[in-house]
Amino acid sequence: MSEIIQLSAMSYGSEAIGRMSSGKAVFVEGGVPGDVVACSITCEKPSFARACIERIVQPSTYRVATTSQYDKLCGSASWQHIAYEQQCALKRSNIIAQLERIGKLSPDKAKSVVRETLPSKRIWEYRNKIELAVRFDRTHGISVGYTNPQTGEVVANPMSLLVEPPLQKAARALQGVLRFALGKSDYGMHRISMRYSRRTRSFEVALWCKPGSFPRNFVAKALNDSLHCSSVVRVLSNPQTPRVIKGIEVLAGKGYWHEQLICAGETFDFYTQAPAFFQVNTHQAGCLVQQVLDALGDIDGARVADLYAGGGTFSIPLAAAGAQVFAVESVGASVRDLRRNALENCVDVDVCGGDAARELAALGADGSAYVGARSGADNADSSANNANNANSDVEKAGVLRTAGAVRTAHVAGVARTAHVAGAARTAHVAGLARTHAALDALVVDPPRAGLAASVPADIVKSGVQRMVYVSCDPATLARDIARLQDCGMQLERVQPVDMFPQTFRVECVCLMSKA
């Protein structure tokens, strides 16, 4: 069945949207709003259909030539055939549509609160990180590349133009290096991630493997000789449950990745240990942080809680701006990064290692004192444990290279220093608890799934008057905004920030206040 269809919008995905002659919505892969296309229907449901393009009858004025054939094949740049200015406009339109449909905002309200998308300075070669799938067969050995979304097969010889040029070169060389180093075995390797900083030249390779035997020294030397890494680590996990990390081994180098963010005229240093998260577009990450600071306004002396704080992307600049920051993070690696980053940037952040929903549930009129008291105790207890276990940590590091053991000893020294600072901060927080001071502001940057169902009500119960919600998914953002508005918050503005050019994804910085 074939139809001539005019496309009018983009989905939150790779498909354009049009209407069949029957009036039914149809999703067309590879289309651009404004295209008139001859399509064949591939799937038809009661309320919608899917189609593929047979030929373009009349191209849209926004259609441009494809830049990267490899990214087209792998689906990693699914909007690259759309002019960049229109990509930004379409991302704003998608946010407005979700706020209307899921967020329960009127069309006029949605359009008035959503600002124009802040474009990226670079629209290609902007990603500081690349993640590659690994496949193995006994004939050819290891194959490394992106996964084709249609077939599920690994497309070897990765040549993505979204990533920094040094990562492009490293990705092309990686397969040959690993085939040489590993021979006819994969040693349980199922994934590889690499990060590169244009500002610091820091370059880390993380090999995700099942726990078991591994030629550590040989692989580390082969990677260093070919790729000139500043850090090579082995992340122990199973492919079925990759988020369950069983251990980290430093095979060579520093054991962390170093990046710098520039925001509000200051340069902040961030040290990230695999597999902890860091924003993939460094320049736009600085812009994202600036939007958060602008939304909060003057925070000098304000008590600000940062939930889902990660390694301190927001916490560190907030503290540098004069805020008293209480950061909540559940991932152990990120908690360690956050504490170190606060120390490296000479700012004071009270860090609470715990689940944001659980910690927030206890917030009330004296919520900041609660978080601060917990974080001060956590800092002191954790630092004391690290110091007490320093000798055993160094002994365990014997399974690693000497550099890993030396680094463990260094971290233990930092822990002893932090213990003293943590003990002093505990006394300070105890004094704060007696003031029963409420939070002045809140920053939340949850994962793509958004806030847990109980969190919006807990935010309102905390007594906070203004909050900034940073989101990477317009649908879950709209759902949470509806919940927050039902609980007594009101949406003031939404600033889209394009962190991911050539794709449909977008970050949003939303300012909400107590109604």
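Residues numbered from 1 in each chain as written. Predicted model: local features only at pLDDT ≥ 70, side-chain atom pairs only at ≥ 80, totals over all residues. Heavy atoms only, no water.

## Describing the environment of Thr313
Within the secondary structure layout, Thr313 lies in the loop between strand 15 (303-307) and helix 7 (315-320). For the pair Thr313 and Leu261, spaced 52 residues apart in the sequence, the C-alpha separation amounts to 8.6 Å. In this structure Thr313 touches Leu261, Phe270, Phe278 and Val289, once residues within four positions along its chain are discounted. (Helix = DSSP H or I, 4+ residues; strand = E, 2+ residues; numbered from the N terminus. Contact = heavy atoms within 4.5 Å.)

## Considerations on the pairing of strand 1 (residues 2-10)
Of the pairings in the sheet, the one linking strand 1 to strand 4 (residues 36-44) comprises five bridges and is antiparallel in character. Residue Ile5 lies in a different strand from strand 4, and its bridge partner there is Val37. Relative to strand 2 (residues 15-19), strand 1 runs antiparallel, the two sharing three bridges. Each bridged residue has a counterpart across the sheet, and for Leu7 the counterpart in strand 2 is Gly18. Between the antiparallel neighbours strand 1 and strand 2 lie four residues. (Pairing = 2+ DSSP bridges.)

## Brief notes about the sheet that holds strand 12 (residues 247-253)
The strand order 8-7-6-9-10-11-12 describes an open sheet built from seven strands, whose pairing is mixed. One side of each edge strand has no neighbouring strand; the edge strands of this open sheet are strand 8 (154-156) and strand 12. Here the average twist between neighbouring strands, direction ignored, is 30°. Here strand 11 (residues 231-236) pairs with strand 12 via six bridges, running antiparallel. Bridge pairing links Val232 to Ala252 in strand 12. The sheet contacts of helix 4 (residues 165-182) involve strand 6 (129-137), strand 7 (141-147), strand 8, strand 9 (189-196) and strand 10 (203-209), and relative to strand 9 the element is tilted by about 145°. (Axes fitted to C-alpha atoms, helices over the stretch in contact; angles between N-to-C directions.)

## Things to note about the side chain of Ser143
Looking at where Ser143 falls in the secondary structure, it is placed in strand 7. Here the side chain of Ser143 touches Arg179 through a polar contact of 3.4 Å, side chain to side chain. Residues within four places of Ser143 in sequence aside, it is in contact with Ala133, Val134, Arg135, Val154, Gln175 and Arg179. (Polar contact = N/O pair within 3.5 Å; in protein donor to acceptor, adjacent residues only side chain to side chain.)

## Points about the pattern of salt bridges
For the structure shown, the criterion picks out 18 salt bridges. With a shortest N-O distance of 2.5 Å, Asp35 and Arg63 are connected by a salt bridge. Taken together, the positions of Asp35 in the loop between strand 3 (25-29) and strand 4 and Arg63 in the loop between strand 5 (48-58) and helix 1 (69-74) put the pair 28 residues apart, joining distant regions of the chain. For Asp35, a relative accessible area of 0% gives the class buried. Among the residues examined, Arg63 registers a relative accessible area of 23% and is labelled partly exposed. We note a salt bridge from Arg195 to Glu204, for which the minimum N-O separation is 3.9 Å. For Arg195, a relative accessible area of 4% gives the class buried. Under the relative-accessibility criterion, Glu204 is labelled buried at 2%. (Salt bridge = Lys/Arg side-chain N within 4 Å of Asp/Glu carboxyl O. Buried < 20%, exposed > 50% of the residue type's maximum accessible area, 1.4 Å probe, protein only.)

## Examining helix 14 (residues 474-486)
Its 13 residues place the ends of helix 14 18 Å apart at the C-alpha level, agreeing with the 18 Å of an ideal helix rising 1.5 Å per residue. Among the residues making up helix 14, those that are buried are Pro474, Thr476, Leu477, Ala478, Asp480, Ile481, Ala482 and Leu484. Close packing links the buried residues of helix 14 with helix 2 (84-101), helix 13 (455-461), strand 19 (466-471), strand 20 (489-497) and strand 21 (507-514). Just past helix 14, the residue Gly488 takes up positive phi, approximately 115°. (Expected span 1.5 Å × (residues − 1).)

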